[in-house]
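Geometric and topological summary
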Amino acid sequence: MLISTTELLNAARVGGYAVGAFNVYNLEGARAVVAAAEAEHSPAMLQILPTALKHGGPPLVALCLAAAQEASVPMSVHLDHSPSADHIRAALAAGLTSVMADGSHLPYSDNVAFTLQMAELVHGQGGSVEAELGRLTGTEDGLTVPEYEAKLTNPGEAADFVAQTGIDALAVCIGNVHGRYRGEPRLDFERLDAIRNTVPLPLVLHGASGLPEEMVRRSIEFGVCKFNVNTEVRAAYVGALRDRLESPDSPDLLDLMQVTIAAMQAAVSAKLQLFGSVEKAEGM
């Protein structure tokens, strides 16, 4: 069933678990997430990156919305990491009502202005807005300690940012990175605790692929209600496709699709179990 992202995250916040938000690019990805969520009796989110939206257009949005609507568990569909007002308007026009307005690359005052403008736009259509304060990178390598810490979310700024923009969820930077971690992940839980104590909203952690179980569990204890996952699910898709294509038999196209769905479903199920959302679909 299709419900709002706000409902999903508020239920997770009250229930002490986190919702898995999975980037999808095609029908196979959407089916894999829905199948995993249904098998685990878990809520989940389908996420579309701006690059995927540009490639798939309104048909991709319609596909994801239909998949969520027909699912037997609560799901929402979300535009991920959009720094463009035009992309957000295009997503709204295509039927999305949940977006991430990403002004994290901008100076603080410009981030506030952009996020406020997008929040007013999306709220005017009954939607919800996630934003990011701090700056995630693909890796922490090569940064000095001051440079590294400067990219992390400032708890004091977080409270001001939320108050000025009126957003519905805040993505935080506490040492998490996009893509694979090149070394042992280092998350600043003291910072996360301070943010939780100053921000009365569901918190979001991007870069969940590769985080150890202990760090995931602790993040949830400190207020994280949504984890974004892309790298591991995408790797499952590509790996399964590569293995099947290397088979001596000439594979049928539908067979290839089923193989990739199964591989991605297994990866999604593992994350839902890790996030503590299994069996949480009941009663929503």
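Shown above is the structure to which this text applies.
So, here's what we can say about the structure.

Analysis parameters
Residues numbered from 1 in each chain as written. Predicted model: local features only at pLDDT ≥ 70, side-chain atom pairs only at ≥ 80, totals over all residues. Heavy atoms only, no water. Helix = DSSP H or I, 4+ residues; strand = E, 2+ residues; numbered from the N terminus. Rg over C-alpha atoms; globule rule 2.2 N^0.38 Å. Contact = heavy atoms within 4.5 Å. Areas by Shrake-Rupley, 256 points an atom, 1.4 Å probe, with all protein chains shown as cover. Pairing = 2+ DSSP bridges. Axes fitted to C-alpha atoms, helices over the stretch in contact; angles between N-to-C directions. Phe/Tyr/Trp six-rings, centres within 6.5 Å; stacked < 30°, edge-to-face > 60°. Buried < 20%, exposed > 50% of the residue type's maximum accessible area, 1.4 Å probe, protein only. Right-handed = clockwise from strand over helix to strand, strands pointing away. Salt bridge = Lys/Arg side-chain N within 4 Å of Asp/Glu carboxyl O.

**Observations regarding the overall build of the protein**
Of the regular secondary structure elements, the protein holds 11 helices and eight strands. For a compact globule of 284 residues, the expected C-alpha radius of gyration is about 19 Å, and the protein comes in at 18 Å, within 12% of that figure. With respect to the three principal axes, the spread of C-alpha positions in the protein is 60 × 40 × 35 Å. For the protein, the share of sequence-separated contacts (at least 6 apart) that also reach a separation of at least 24 residues comes to 73%. Within the structure as shown, the protein displays about 12,100 Å² of accessible surface, and the carbon and sulfur contribution to it stands at 53%.

**Let's talk about the sheet that holds strand β7 (residues 203-205)**
The pairing of strands in a sheet comes from backbone hydrogen bonds and takes either a parallel or an antiparallel form. Strand order in the closed barrel formed by eight strands is β1-β2-β3-β4-β5-β6-β7-β8, and the pairing between neighbours is parallel. With direction set aside, neighbouring strand axes in the sheet form an average angle of 30°. Strand direction decides the pairing type here: strand β1 (residues 19-23) and strand β8 (residues 224-229), joined by four bridges, are parallel. Residue pairing for β8: V19 is matched across the bridge by K226. Each of β1, β2 (44-48), β3 (75-82), β4 (98-101), β5 (128-133), β6 (169-172) and β8 touches helix α1 (residues 5-15); the most contacted strand, β8, lies at about 120° to it.

**Things to note about the packing of aromatic side chains**
On inspection of all chains with the given rule, the structure shows three aromatic pairs. Between Y108 and F161, the aromatic rings sit 6.3 Å apart at their centres with planes inclined by 50°, giving tilted as the arrangement. Here F161 lies in helix α7 (residues 155-165) and Y108 lies in helix α5 (residues 108-123), a separation of 53 residues in the sequence. Accessibility expressed as a relative area gives 0% for F161, which makes it buried. Aromatic side chains F227 and F275 sit 4.7 Å apart centroid to centroid with 15° between the ring planes, which places their arrangement in the stacked category. With a gap of 48 residues between them, F227 in strand β8 and F275 in the segment after α11 (253-274) connect regions that are remote in the sequence. In this structure, F227 and F275 share a single accessibility class: buried.

**Brief notes about the pairing of β4**
What you see with β4 is no split at all: S98 and M100 on one side and V99 and A101 on the other are buried throughout. Sheet analysis places β3 next to β4, joined by two bridges and oriented parallel. Note that in β4 the partner of L79 across the bridge is V99. Taken together, β3, helix α4 (residues 85-94) and β4 form a β-α-β motif whose crossover is right-handed. Bridging between β4 and β5 involves four bridges; their strand directions are parallel. Of the residues in β5, the one forming a bridge with S98 is S128. Between the parallel pair β4 and β5, the chain is carried across by α5, and the sense of this crossover is right-handed.

**Describing the environment of G239**
Position of G239 among the secondary structure elements: in helix α10 (residues 231-245). The sequence separation of G239 and T260 amounts to 21 residues, and the corresponding C-alpha distance is 8.4 Å.

**Some words on unusual backbone geometry**
Positive phi outside glycine occurs at H41, with the angle close to 50°. Tracing the sequence through the fold places H41 in the loop between α2 (27-40) and β2. For H41, a relative accessible area of 32% translates into the label partly exposed. Even without glycine at this site, H81 takes up a positive phi of about 40°. Within the secondary structure, H81 is located in strand β3. Looking at H81, the relative accessible area reads 15%, which means it is buried.

**With respect to the pattern of salt bridges**
Applying the stated criterion across every chain yields a total of seven salt bridges. Note that R196 and D193 form a salt bridge whose closest N and O atoms lie 2.5 Å from each other. Linking R196 with D193, this pair stays in helix α8 (residues 189-198), spanning three residues, or about one helical turn. Residue class for R196 comes out partly exposed when judged on its relative accessible area of 33%. Among the residues examined, D193 registers a relative accessible area of 23% and is labelled partly exposed. A salt bridge links K271 to E232, with the shortest nitrogen-to-oxygen separation between them at 2.6 Å. One end of the pair, K271, is in helix α11; the other, E232, is in helix α10, and 39 residues separate them in sequence. Residue classification places K271 among the buried residues on the basis of a relative accessible area of 9%. Taking relative accessible area as the criterion, E232 reaches 24% and is therefore assigned partly exposed.

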